[in-house]
Amino acid sequence: MVMTEHAPATSKRAARPAPRTRKAWNPNKKRKSWTLTAVMTLGLIYSLLPLFWLLVNASKTQANLFSTNGMWFGGHFALFDNIRQTLTYNGDEFLHWFGNTLLYVVVGAGGATFLATLGGYGLAKFDFPGKRGVLAVVLGAVAVPSTALAVPTFLMFSKVGLVNTPWAIIIPSLINPFGLYLMWIFARDAIPTELLEAARVDGAREWRIFFSITLRLLRPGMITVLLFAVVATWNNYFLPLIMLNQPKWYPLTVGLYQWNAQSQTAGGTAIFNLVLTGSLLTIVPIMIAFLVMQRYWQSGLTAGSVKQ
Amino acid sequence: MTATTRTARTWRRGAAVLAAGALAAASLSACSSSSSGSGSSSGSTASASDIAAALQKKSSITVWAWAPQTKDIVAAFKKKYPNVTVNLVNAGTATTEYTKLQNAIKSGSGVPDVSQIEYYALPQFALAGSLDNLDDYGLGSLKSDYSSAVWDSVNVNGQREGLPQDTGPVAMFYNEKIFKQYGLTLPTTWDEYVADAVKLHAANPNEYITNDTGDPGFLSSMIWDAGGKPFQTSGTTNVSINTQDAGTKKFADTWNKMISKGLVDPVTSWSNQWYTGLGNGAIASLVIGAWMPGNLETGVAAASGDWRVAPMPTWTSGAPAATSENGGSSYAVMKASKNALVAAAFDQFMNAGEGETIFANEGGFPSLNSVLNSSSFLDQAPAYFGGQKINQVLSAAAGSVIPGWSFMPFQVYADSIFPDTVGKAYSAKTDLNAAIKAWVQASATYGQQQGFNVTVK
C-alpha cells in the first residue's frame, strides 16, 4: 500500500538519482525499524520469560524441581497432581485464601470503584465552595503510595480494634484517590452538562440521573478504575501482611509467602512445588480479568485525550 | 491523558519502592523501641494445684507457632484438658512473627498467650519485659531435664523466659558419595576440613566442600564452637561486645583461608542453587543444626542415600567433642496473657511433657533429655541417610554443646544487616575480622538507639 501511493512520484524522477532529502513525516506510513523490533522482542521475552518459567516449574515435583533444568520441562509432568495438592494442602488452606482474596477484591475494589465514580462525578459536574481544595487534596493523595500509609493505618486500626478482621483490608482498599482523579477527569469530558440540564428540566431527580444516565456514560472509565483497583487489591501484600496475624483471613499473596517461608525454615517441610503451582493459580484469574475487560480498558484510557 | 496516566503510574511505582525502603527502616525501629519497658515483676509463685485447678475451668488460650508439629501437640492437649480451647495461629515464620509480636505488644492488643520464639530472639523480648518468668509457675525445676547449654539459652538475666522445644546442636552433614569419589578422609579437625576443601576443589573446580555467602546463624555457631563469647549482657540494658574475642578470631582466620582461596561455594543457603548443589553433590558438606535431616529429606530428595552425619570438627586434634547450637526455638508465656496459668501449663505439656515426644516423632529435633536419650529416638535409621542411626550422632552432639553462650538483645536486627558488612567481605574476599568488627559496630549503634548501653571493646 505504501509502495503504490508513492509509485507515480518515483517514476517521474527515475532518470535522476533519488535526492537525499528527508520526506515529510507521515503518520500513516508504516516503516519497519529493526531496532524497534529488536527492543520490543526483548521486552516481550522479558515479560513472558518469568511466566514461562513459572509454568515449567509448576509442572515439576518437589524432587525434580532442583535436579532438572529450570528453563525446560523435566521428569514426570506433575502439574495436575501439583494443582490437586495445592488445593488440598493443610486443610484446603489455599481455597480458603482464594475466597478471602475474592472477598477483598469484590468488596474492596468494587466499593472503591463505586465511591470513585460517585465522587468523580460530583466533583466534575457540581459546583460547591472548596472544590479547589478538594482537588489539591486528591492530587496530593495520589502521590502518597498506599504502602507508606500501612503502618500508621495499622496503629490506628489496632486502637479501634479492627486489626485481624477483614475490615482492616477492605476499608483502606475503598479509598482510591487515583481512581477518583481518573473518574473526575473522565466525567468532566464524557458527560455533556446540557444532557444533565435536560434531564433536570424533565423532572428527573439527582439519584435517578446518576443511576440512569451518568453510570451508563461513565462505564468505560469505571472499568478502567475497576481494573486498577482489582489489580491493586489482588496483589495487595504489605497491608494484609501487617494487619493480619490469623491465617484464616490471609489473602493468597500472604498465604503463599507463608508457604514459602515454611519451606525455608529449620526443620520445615519443603513445598516449593506447591508455592509455584499456587502462584500460577493466583495469576490466572487476574489474567482472565484483563483479557475480558481489555476493550473497555483501552477506550477508558484514551478517553478525553482528544478535545472534541 | 494516556501520557499522564503512564507517568503517574511510573512515578507511583518509584515512590512505592522508596517508601517501602523507608518503611522497612521505620518498622524496624518501631519493633524494638519498647525495649525500655519495665523489668520483671517478682510475682508470687503459682502452686501446682492452682494450675491444675485452672486447667479444669473453661478457658481459652492463643498460641503462636510455626512449627508444623504444633497442630498435633495442640490436639493431644485438648484431649487431655477438654475444657481448654487452644487457638493455634501460625502468625508467620521467625522474623515475620517477631515483627507481628512487637506490633501487637506495642499496640496492646492481639498479643498471644504463648509464642514460639527462637533462642537468638528471646533476649529481645525478655529484656523488654514482654515475657513471664516461668519460675513463677514452678517451671524452674525443669532445669535438670535439659542439657545445661539448652537451659542457658532460655535463661536471660537470671530469669527463665521460655521452655526449649527444639535445638540445633551442630553436626557435620556430608555427602558420602562425593567423599568416596574424591578420596576424602572424614575431617575431625578444622585443619583437616580445610585440607579436604583444597583437595576436593583442586580435583574438580565445580565441587566445593561447603557453601557460604555470610550466614549469621552459621557465624554464631562457629564462634560459639571456637569457645568465643563475644556478646554479654548484664542487667536489662548493659551490653558488652568484645571484638577481640579469641573464638571470633579463631573462626575468622580459618574462614579467611577458605574464602581467599575460593574454597567456599558462593551460593546462599536456602536458594535454588543451594538445593541443586546439595542434590547433585556440588556442595559436599554442611556444618549445620541437627534439624537439617527433615529439610534434606523433603527438599533434596534427589540425593537420598548419599548423605551421612558426623560430629562437628574440633579446633585441636584429639580434643574432646565440643559443639554449638544453630537455631532452635523456645516457647514463652507472654506477660500480656490473661490466662497465664493455663498458658504455662500448655508450655510445660508441649515442651517438657507428651508434646515433646509428638514433636520428635514428627521429625523435630527435641531438647528434652528423656526424649533425646530414648531408644525409640536413638534407634531410628532413616533410609535417606543410608540406614545410619543419625540420632546417635546428633544426640551426642546435643550433650556436648559448650554452655554459657548468649546473643545480643538486638540480634534479630543485627542478623538482618549482616549481608551489608560481613556478606560483602565474602564476595570481595576481604578480611572477615574487619567485616565482623564493622557489623558489630553498626549493630551496637542500633542497640544504643534502642536504649541499650552498649560498649564495644
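Residues numbered from 1 in each chain as written. Chains lettered and ligands numbered in written order. Predicted model: local features only at pLDDT ≥ 70, side-chain atom pairs only at ≥ 80, totals over all residues.

A.B. asks: Can you break down the overall build of chain B residue by residue, with the values?
C.D. replies: Per the secondary structure count, chain B includes 20 helices and 14 strands. Taking 23 Å as the expected radius of gyration for a compact globule of 457 residues, we find that chain B reaches 23 Å, a close match to that expectation. Residue burial in chain B is summarised as follows: out of 457 residues, 52% are buried. By sequence separation, contacts in chain B at least 24 residues apart represent 78% of the contacts at least 6 residues apart. (Helix = DSSP H or I, 4+ residues; strand = E, 2+ residues; numbered from the N terminus. Rg over C-alpha atoms; globule rule 2.2 N^0.38 Å. Buried ≥ 20, exposed ≤ 12 C-beta atoms within 10 Å, placed from the backbone. Contact = placed C-beta atoms within 7 Å.)

A.B. asks: A description of the overall build of chain A should follow, citing residues and the corresponding values.
C.D. replies: Broken down by element type, chain A carries 14 helices and zero strands. Counting helices and strands in the order they occur from the N terminus, chain A gives α-α-α-α-α-α-α-α-α-α-α-α-α-α. Relative to its 308 residues, chain A shows a buried fraction of 32%. Considering only residue pairs separated by 6 or more positions, chain A has 73% of its internal contacts joining residues 24 or more positions apart.

A.B. asks: Which residues make up the domain arrangement of chain B, and what values go with them?
C.D. replies: Residues and elements named next belong to chain B. Split into domains, chain B comes out as domain 1 (38-167 + 328-390) and domain 2 (168-325 + 403-456). When each unit is reduced to the centre of its C-alpha atoms, the spacing between domain 1 and domain 2 is 27 Å. Facing 25 residues of domain 1, the contacting portion of domain 2 comprises 26 residues. Within the residue set of the side of domain 1 that touches domain 2, elements represented by two or more residues are α4 (95-107), α5 (122-127), α6 (148-153) and β6 (163-175). Tallying contributions element by element places α6 first for the side of domain 1 that touches domain 2, with four residues. Tallied by class, the residues present in the side of domain 1 that touches domain 2 amount to twelve nonpolar, eleven polar and two charged. (Domains from an automatic or database assignment. Nonpolar A, V, L, I, M, F, W, Y, C, P; charged D, E, K, R; others polar.)

A.B. asks: Residues and numbers for the nonpolar core, please.
C.D. replies: With 192 residues, the main nonpolar core has A:Met183, B:Ala171 and B:Phe346 as its most contacted residues. By residue number, the principal contributor to this core is helix α13 (residues 340-352) of chain B, which donates ten residues. In this structure, this core is formed jointly by two domains, domain 1 (38-167 + 328-390) and domain 2 (168-325 + 403-456) of chain B, each of which donates at least three residues. Leave out the neighbours within four places in its chain, and A:Met183 touches A:Ala116, A:Thr117, A:Gly120, A:Tyr121, A:Leu218, A:Gly221 and A:Val225. (Core = buried A, V, L, I, M, F, W, Y, C linked by C-beta atoms within 7 Å.)

A.B. asks: Tell me what's going on with helix α7 (residues 167-174) of chain A, and back it up with residues and numbers.
C.D. replies: For α7(A), every residue scored as buried is listed here: A:Ala168, A:Ile169, A:Ile170, A:Pro172 and A:Ser173. Structurally, α7(A) contributes buried residues whose contacts are with α4 (79-125), α6 (146-160), α11 (219-234) and α12 (238-243) of chain A.

A.B. asks: Describe the confidence of the model for chain A, with residues and values.
C.D. replies: In the predicted model, chain A carries a mean pLDDT of 86, and the fraction of residues at 70 or more is 86%. Segment residues 1-14 of chain A is flagged for pLDDT under 50; beyond a separation of four residues in sequence, or across chains, it makes three contacts in the model. (pLDDT = per-residue confidence, 0-100.)

A.B. asks: Can you explain the sheet that holds strand β8 (residues 231-234) of chain B? Please cite residues and give values.
C.D. replies: All names here are of chain B. On the basis of which strands lie adjacent, the open sheet formed by three strands has the order β8-β9-β14 and mixed pairing. On the outer flanks of this sheet lie β8 and β14 (453-456), each paired with one strand and no other. Direction aside, the axes of adjacent strands within the sheet are offset by 20° on average. The pairing of strand β9 (residues 238-241) with β14 spans four bridges and is classified as parallel. Paired with Ser 240 across the two strands is Thr 455, which belongs to β14. Strands β9 and β14 of the sheet are contacted by helix α20 (residues 432-449), whose axis makes an angle of about 160° with β14. (Pairing = 2+ DSSP bridges. Axes fitted to C-alpha atoms, helices over the stretch in contact; angles between N-to-C directions.)

A.B. asks: Give a detailed account of the packing of α13(B) against helix α14 (residues 354-361) of chain B, specifying residues and quantitative values.
C.D. replies: Residues and elements named next belong to chain B. Relative orientation of the contacting elements α13 and α14 amounts to 45°, with a least axis distance of 3 Å. Accordingly, the angle class assigned to the pair α13 and α14 is oblique. Contacts between α13 and α14 involve Phe 349, Met 350, Asn 351 and Ala 352 from the first element and Glu 354, Gly 355 and Glu 356 from the second. Each residue belonging to the contact of α13 with α14 can be placed in one class, and the counts come to three nonpolar, two polar and two charged. (Parallel < 35°, antiparallel > 145°, perpendicular 65-115°, else oblique.)

A.B. asks: Tell me about helix α11 (residues 272-280) of chain B, and name the residues and values.
C.D. replies: All names here are of chain B. All of the buried residues along α11 are Trp 274, Tyr 275, Gly 277, Leu 278 and Gly 279. In this fold, the buried residues of α11 make contact with β7 (210-211), β10 (264-265) and α12 (292-299). Directly after α11, the chain includes Gly 281, whose backbone phi takes a positive value near 90°.

A.B. asks: Lay out the pairing of β8(B) in plain terms, naming residues and giving numbers.
C.D. replies: Side chains of β8(B) alternate between two faces, with B:Phe231 and B:Thr233 buried and B:Gln232 and B:Ser234 left unburied. Between the end of β8(B) and the start of β9(B), which pair antiparallel, lie three residues, with B:Gly235 showing a positive phi angle near 65°.

A.B. asks: Which residues make up the pairing of strand β2 (residues 84-89) of chain B, and what values go with them?
C.D. replies: All names here are of chain B. Across six bridges, the pairing between strand β1 (residues 59-64) and β2 is parallel. Within the sheet, the bridge partner assigned to Thr 62 lies in β2 and is Asn 87. As a crossover connection, the stretch from β1 through helix α3 (residues 70-80) into β2 is right-handed. (Right-handed = clockwise from strand over helix to strand, strands pointing away.)

A.B. asks: Go over the packing of α4(A) against helix α8 (residues 177-190) of chain A, please, and point to the residues and values.
C.D. replies: Residue and element names in this part refer to chain A. Axis separation between α4 and α8 bottoms out at 7 Å; the angle between their running directions is 45°. Taken together, the axis directions place α4 and α8 in an arrangement best described as oblique. The handedness of the crossing between α4 and α8 comes out as right-handed. Between α4 and α8, the residues in contact are Ala 112, Thr 113, Ala 116, Thr 117, Gly 119, Gly 120, Tyr 121, Leu 123, Ala 124 and Lys 125 and Gly 179, Leu 180, Met 183, Trp 184, Phe 186, Ala 187 and Arg 188, respectively. Looking at the contact of α4 with α8, its residues break down into ten nonpolar, five polar and two charged. (Left-handed = near helix turned anticlockwise from the far one by under 90°.)

A.B. asks: Can you explain the environment of B:Lys143? Please cite residues and give values.
C.D. replies: Mapped onto the fold, B:Lys143 is located in the loop between α5 and α6. Along the sequence, B:Lys143 and B:Leu163 sit 20 residues apart, while their C-alpha atoms lie 9.8 Å from each other.

A.B. asks: Give a detailed account of the environment of A:Phe290, specifying residues and quantitative values.
C.D. replies: All names here are of chain A. Here Phe 290 shows up in helix α14 (residues 272-302). The class for Phe 290 is partly exposed, based on 13 C-beta atoms found within 10 Å. Along the primary structure Phe 290 and Leu 241 are separated by 49 residues, whereas in three dimensions their C-alpha atoms are 26 Å apart.

A.B. asks: Now, about the confidence of the model for chain B: what can you tell me, with residues and values included?
C.D. replies: Averaged over every residue, the pLDDT of chain B is 88; residues scoring 70 or more account for 90%. Listed scores for the predicted complex are pTM 0.82 and ipTM 0.79.

A.B. asks: So what's going on with the environment of A:Tyr257? Which residues, and what values?
C.D. replies: Residue and element names in this part refer to chain A. With respect to the helices and strands, the residue Tyr 257 is situated in helix α13 (residues 252-263). Tyr 257 sits in the partly exposed class, given 18 other C-beta atoms within 10 Å. Through-space distance from the C-alpha of Tyr 257 to that of Arg 31 is 47 Å; in sequence the pair is 226 residues apart.

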